Amino acid sequence: MPHWNFTIRHAKLEDSGELFDLVRAIEDISPYLLDELREMNLGRSAFTARLGRLLASPNSTVVVAEIAVHDTPRLCGYLFAVGGHISGISHCVRVNGMGVLPDFRHQGVGLDILKFLEKWARDAGLVRLDLNVALGNKAAREMYLKAGFETEGVLRGAYQFNGSIQDGWIMSKILANGQ
Ligand SMILES: CC(C)(COP(=O)(O)OP(=O)(O)OC[C@H]1O[C@@H](n2cnc3c(N)ncnc32)[C@H](O)[C@@H]1OP(=O)(O)O)[C@@H](O)C(=O)NCCC(=O)NCCS
């Protein structure tokens with residue numbers, strides 16, 4: 001498998017079309033991702049509006065991984081980070097969707113996206129990163145553990161995949177107090 005040089009950066013509004021295709025492609029093939037774009041029938045303009053809202057918010061962001069294929073940049077990974085919407089939870093950020101295209105997995109892209117997220121959150125004075133992950137999603141859980149997330153508890157019966165109910169984990173990382 002070739003090893004790629006990739007860049008991790010915040011998404012820009014101009015990425016919207018390519019990011020939409022990327023999220024849809026990864027949601028379509030990932031058994032433990034909720035198929036949000038298709039099921040919610042979220043079209044390109046609604047997606048662009050959502051991206052714009054996240055990028056304009058001081059405690060939210062969208063992170064992308066980009067590689068150069070024959071000198072042409074191409075997105076291969078993403079993460080949506082959504083900050084709390086009112087003051088009592090504005091220090092909290094929820095990882096609300098993350099994925100890497102299969103051809104670029106196992107090369108540290110996922111972990112680098114999480115490192116980028118963490119640095120951005122620390123610089124912004126944010127305190128808590130959290131996320132939910134389905135029990136069967138061993139790859140994602142291992143990655144989050146490696147990135148320093150800890151398991152807070154079990155989300156009983158939180159997911160339904162192909163008609164079968166499954167628990168999830170809630171995981172978090174606290175950034176304050178030098179942790
Ligand atoms: C989860 C996902 C984002 C990982 O992306 P990635 O770029 O391959 O991750 P990394 O290469 O940074 O791997 C980091 C660590 O995670 C763990 N990991 C990654 N893939 C794994 C797998 N298939 N099985 C077990 N552990 C795995 C390993 O500990 C790995 O460290 P190592 O390479 O030193 O062994 C990717 O598999 C994916 O897009 N999955 C589908 C979407 C999804 O499930 N998103 C998360 C929703 S909560």
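Our subject is the structure listed above.
Counting from 1, residues in each chain are numbered in the order their sequence is written. Selection of residues for local features in this predicted model requires a pLDDT of at least 70, selection of side-chain atom pairs for listing and counting requires 80 or more, and totals for whole chains, interfaces and linings are taken over all residues. Calculated side-chain values reflect all of the structure's heavy atoms, with hydrogen atoms and water omitted.

Axes here mean lines fitted to C-alpha atoms, for a helix over just the part in contact, with angles spanning 0 to 180 degrees between N-to-C directions. Every helix listed is a DSSP run of H or I at least four residues long, and every strand listed is a run of E at least two residues long, numbered separately from the N terminus. It is at 10 Å that the axes of helix H4 (residues 109–123) and helix H5 (residues 138–146) come closest, and there the two elements cross at 45 degrees. In terms of orientation, H4 lies oblique with respect to H5. Pair H4 / H5 crosses with right-handed handedness. Where H4 abuts H5, its residues Gly110, Leu111 and Leu114 lie against Met143, Tyr144 and Lys146. Gly is put with the polar residues, along with every residue not named as nonpolar or charged; the nonpolar set is Ala, Val, Leu, Ile, Met, Phe, Trp, Tyr, Cys and Pro, and the charged set is Asp, Glu, Lys and Arg. Its residues assigned to classes, the contact of H4 with H5 comprises four nonpolar, one polar and one charged. Each angle gets one of four labels, with under 35 degrees taken as roughly parallel, over 145 as roughly antiparallel, 65 to 115 as roughly perpendicular, and the rest as oblique. Crossings are classed by handedness, with left-handed meaning an anticlockwise turn of the near helix from the far one by less than a right angle and right-handed meaning a clockwise turn. Two residues qualify as a contact provided that any one of their heavy atoms is within 4.5 Å of a heavy atom in the partner residue.

At least two DSSP bridges between two strands are required for those strands to pair. Reading across the sheet, the seven strands line up as S1-S2-S3-S4-S5-S7-S6 and stay open at both edges, with mixed pairing between neighbours. Edge strands, defined here as strands with exactly one partner in the open sheet, are strand S1 (6–10) and strand S6 (150–161). Neighbour to neighbour, the strand axes of the sheet diverge by 25 degrees on average, direction disregarded. The pairing of strand S3 (residues 72–83) with strand S4 (residues 92–100) spans six bridges and is antiparallel. In the sheet register, Leu79 faces S4, and the bridge partner there is Met98. Its contacts with the sheet place helix H1 (residues 16–29) against strand S2 (61–69), S3 and S4, and it is angled at close to 80 degrees to S3. Contacting S1, S2, S3, S4, strand S5 (128–134) and strand S7 (164–174), H4 crosses the sheet at an angle of about 35 degrees to S1.

By convention in this text, a residue qualifies as near a molecule or strand provided that one of its non-hydrogen atoms is within 4 Å of it. Around the ligand there are 21 residues in total, and Met98, Val100, His106, Gly108 and Asn137 lie nearest to it. The side chain of Asn137 places a nitrogen or oxygen atom 2.8 Å from an oxygen atom of the ligand. Burial of the ligand by the surrounding chains reaches 76%, relative to a free accessible area of 920 Å². The definitions used throughout rest on a 1 Å grid laid over the protein atoms alone, on which a cavity is an enclosed set of points accommodating a 1.4 Å probe that cannot get out and a pocket is an open set flanked by protein within 12 Å on both sides along at least five of seven lines; lining residues are those having an atom within 4 Å of a point. In this description, a molecule resides in a pocket or cavity if more than half of its atoms sit within 2 Å of the grid points defining it. Among the cavities detected, the one that contains the ligand is the largest pocket. Of all elements in the fold, only S4, H4, S5 and H5 reach the threshold of two or more residues within the shell around the ligand. Polar contacts, as used here, are pairs of N or O atoms within 3.5 Å; protein pairs need one atom able to donate a hydrogen and one able to accept it. Residues neighboring in sequence count only if both atoms are side-chain atoms. The accessible surface values rely on the Shrake-Rupley method and a 1.4 Å probe; as for residues, cover is taken only from the protein chains in view.

Our next topic: the pairing of S4. As defined by bridge partners, S4 adjoins S5 across three bridges and the pair is classed as parallel. Paired with Arg94 across the bridge in S5 is Asp130. In this fold, S4 hands off to H4, which returns the chain to S5; that crossover is right-handed. Clockwise travel from the first strand over the helix to the second, with the strands pointing away from the viewer, marks a crossover as right-handed.

With that settled, the discussion passes to the side chain of Glu66. With respect to the element layout, Glu66 can be found in strand S2. For Glu66, the side chain forms a polar contact with the side chain of Arg9, separated by 2.9 Å. In contact with Glu66, other than residues within four places in its own chain, are Asn5, Phe6, Thr7, Arg9, Pro73, Arg74 and Leu75.

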